Amino acid sequence: MDSDESIIRKHICVVSHNGFAAVFPRCGLSIGGAETGAWQIARGLQEHEDCKVTFYVRTSHRLPEKVVNGVDIQKRSTWFPAIRRRVSECLQRSSRFPGVRLLKFRWTLLWELPLLLLIRRIRPPDLKEAQPDSQLSEVQADAYLLFGTSVDTSTVVATAGQSGTRSILLLQSNADIPRAGENVNSYGESSEIREWVIRSASQVVAQSHDQSRFVREMFDCEVEIFPPPIKLSDWPISNMGREYVIWIGRSDRFHKRPQLMIEIAKLCPARKFLLVMNRQDAEVYQEILRKLPGNVEHREYVAFDEMPAVLSRAGVFVSTGAREFEGFPNVFLQAAAVGVPIVSMHDFDEFLARSHAGVVCGESIEAIADQIEKAWSGSEESSRTTSEVRKYLEEHH
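Our subject in this report is the structure included herewith.

**What about the packing of aromatic side chains?**
Thought 1: Counted according to the given criterion, the structure contains nine aromatic pairs.
Thought 2: Ring plane angle 70° and centroid distance 5.1 Å describe the contact between W39 and F55, whose orientation is recorded as edge-to-face. Linking W39 in helix α3 (residues 33-46) with F55 in strand β2 (residues 52-59), this pair joins segments that are 16 residues apart in sequence. Taken individually, W39 and F55 each receive the classification buried, so the pair is uniform in this respect.
Thought 3: Between F332 and F348, the aromatic rings sit 5.7 Å apart at their centres with planes inclined by 65°, giving edge-to-face as the arrangement. Residue F332 is located in helix α13 (residues 330-337), and its partner F348 is located in the loop between β15 (342-344) and α14 (351-355); the two are separated by 16 residues in the primary sequence. The same class applies to F332 and to F348, which are both buried.
Thought 4: A connected cluster of aromatic rings, assembled from ring pairs, spans F317, F328, F332, F348, F351 and Y392.

**Digging into the sheet that holds strand β4 (residues 71-77)**
Thought 1: Read across the sheet, eight strands follow the order β3-β4-β2-β1-β7-β8-β9-β10 without closing on themselves; strand pairing throughout is mixed. This sheet does not close on itself; its edge strands, each paired only once, are β3 (67-68) and β10 (224-225).
Thought 2: Across two bridges, the pairing between β3 and β4 is antiparallel. Bridge pairing in β4 links V67 to D72.

**Description of empty space enclosed by the protein**
Thought 1: Overall, the coordinates contain four cavities of 30 Å³ or more when judged by the stated rule.
Thought 2: Roughly 100 Å³ of volume is contained in the largest cavity.
Thought 3: Broken down by element, the residue count for the lining of the largest cavity peaks at five residues, all from α3.
Thought 4: Across the lining of the largest cavity, the residue classes tally to twelve nonpolar, five polar and no charged.

**Describing the pairing of strand β12 (residues 273-277)**
Thought 1: Buried residues dominate β12, accounting for five of its five residues.
Thought 2: A two-sided burial pattern is seen for β12, the buried positions comprising F273, L275 and M277 on one face and L274 and V276 on the other.
Thought 3: Tracing the backbone out of strand β11 (residues 244-249), into helix α10 (residues 258-267) and back to the parallel element β12 gives a crossover that is right-handed.
Thought 4: Of the pairings in the sheet, the one linking β12 to strand β13 (residues 296-299) comprises four bridges and is parallel in character. The residue bridging L275 from the neighbouring strand is H298, located in β13.
Thought 5: Chirality of the crossover, the property in question, places the unit of β12, helix α11 (residues 282-291) and β13 among those that are right-handed.

**A few points about the nonpolar core**
Thought 1: Core analysis: the largest hydrophobic core is formed by 31 residues, its most contacted members being I246, I248, L311, F317, F332, I342 and F351.
Thought 2: Listed by contribution, the elements that provide at least two residues to this core are β11, β12, α12 (307-312), β14 (314-319), α13, α14 and α16 (379-396).
Thought 3: Of the residues forming this core, the biggest block, six residues, is contributed by α13.
Thought 4: Once residues lying within four places of it in the same chain are set aside, the contact partners of I246 are L274, V276, V310, L311, A314, V316, F317 and V318.
Thought 5: Judged by nonpolar contacts, the second largest core, of 26 residues, contains I264, I288, I372 and A375.

**Considering the pattern of salt bridges**
Thought 1: For the structure shown, the criterion picks out 24 salt bridges.
Thought 2: The partner of R354 in a salt bridge is E350, and the shortest N-O contact between them spans 3.2 Å.
Thought 3: Among the residues examined, R354 registers a relative accessible area of 42% and is labelled partly exposed.
Thought 4: Note that K374 is salt-bridged to D370, the shortest N-O span being 3.3 Å. Linking K374 with D370, this pair stays in helix α15 (residues 365-377), spanning four residues, or about one helical turn.
Thought 5: The exposure class of K374 is partly exposed, given its relative accessible area of 47%.
Thought 6: With a relative accessible area of 38%, D370 lands in the partly exposed category.
Thought 7: Members of the salt-bridge network, linked through shared partners, are R26, R299, D305 and E306.

What counts and how
Residues numbered from 1 in each chain as written. Predicted model: local features only at pLDDT ≥ 70, side-chain atom pairs only at ≥ 80, totals over all residues. Heavy atoms only, no water. Phe/Tyr/Trp six-rings, centres within 6.5 Å; stacked < 30°, edge-to-face > 60°. Helix = DSSP H or I, 4+ residues; strand = E, 2+ residues; numbered from the N terminus. Buried < 20%, exposed > 50% of the residue type's maximum accessible area, 1.4 Å probe, protein only. Pairing = 2+ DSSP bridges. 1 Å grid on protein atoms, 1.4 Å probe; cavity = no way out; pocket = protein on both sides within 12 Å on 5 of 7 lines; lining within 4 Å. Points joined across faces, edges and corners; volume = space filled by probe spheres on them. Nonpolar A, V, L, I, M, F, W, Y, C, P; charged D, E, K, R; others polar. Right-handed = clockwise from strand over helix to strand, strands pointing away. Core = buried A, V, L, I, M, F, W, Y, C linked by side-chain atoms within 4.5 Å. Contact = heavy atoms within 4.5 Å. Salt bridge = Lys/Arg side-chain N within 4 Å of Asp/Glu carboxyl O.

Dropping the structure here:
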């Protein structure tokens, strides 16, 4: 992508609907690899001469700054849907006068309900599947970058199509790619909308060779490969010591699988574990917290600008991500950059094999536990190879 001067020298809009916390890490919101990667790309593009970059997010928060690292920040406000959702939890339509029934009372109803009634005719229209986003179109970019296939990203492709500009789809999870016989993926996105985004985007970019092959086999279209980038100056090598084994991800049963991390921690009672897990699935989240063994500490949220220090204090990073869902975990790059050895159930695009940043154990929790102990005791060898790993990152990411 860096060599495409027709794109580089124009106005690029990087659309990351949940990316607010990547730009403003102290807001208290959780983000994932797609959001951190989007912000990394926006910053990298901005460094090119004659390239103007806009970073477009959806949020109910006020923008603390409108320009960050030279990148213009624009937002679509989500405060109206948030208020409407809270009001709908308290009121229900009724055939009897006055037309609604009170389910529960909140003091905020006293101002939120009148506000909804007042502005319902002048507020921006709700976004619809595969329909343009009128506010995004006001950016008037020459190209739009979107991340993953979903109802949300379909509005970006539609916006670009309406104005005759380019839309560049960067695939994230393997779940972005519909498979034969699959109607809905585990994130609730239909095969129809995922296929529409892939076929309608001007350009499709994969994170890995596996993703590229899947798309070419399913849709017979051209796919470029663009490995996720990392800015090494943001991830300095640190000698903070080794305090814990770290796991980072969302609460779910099928993709990141924190329940496997709990079983691994039980097999390593002499090691302290730090589980950084958000509330993606409230049921799984509570279940995991109830099952935490004594050697596991949990944090729901780590600000993005704090992550280098948190990772640097780890002796090992463990990945239990499922191969069928992961694309290329950005956290692999981050752990490798700060010199933390990776112990993973799977490799992704042969990154661990090529970079020598860690080992692959398959689906065996016993093998993971054994490799944790070996990695923990191999500090001398690990410190010798950190500079080589960073050189690999510099050349390939």
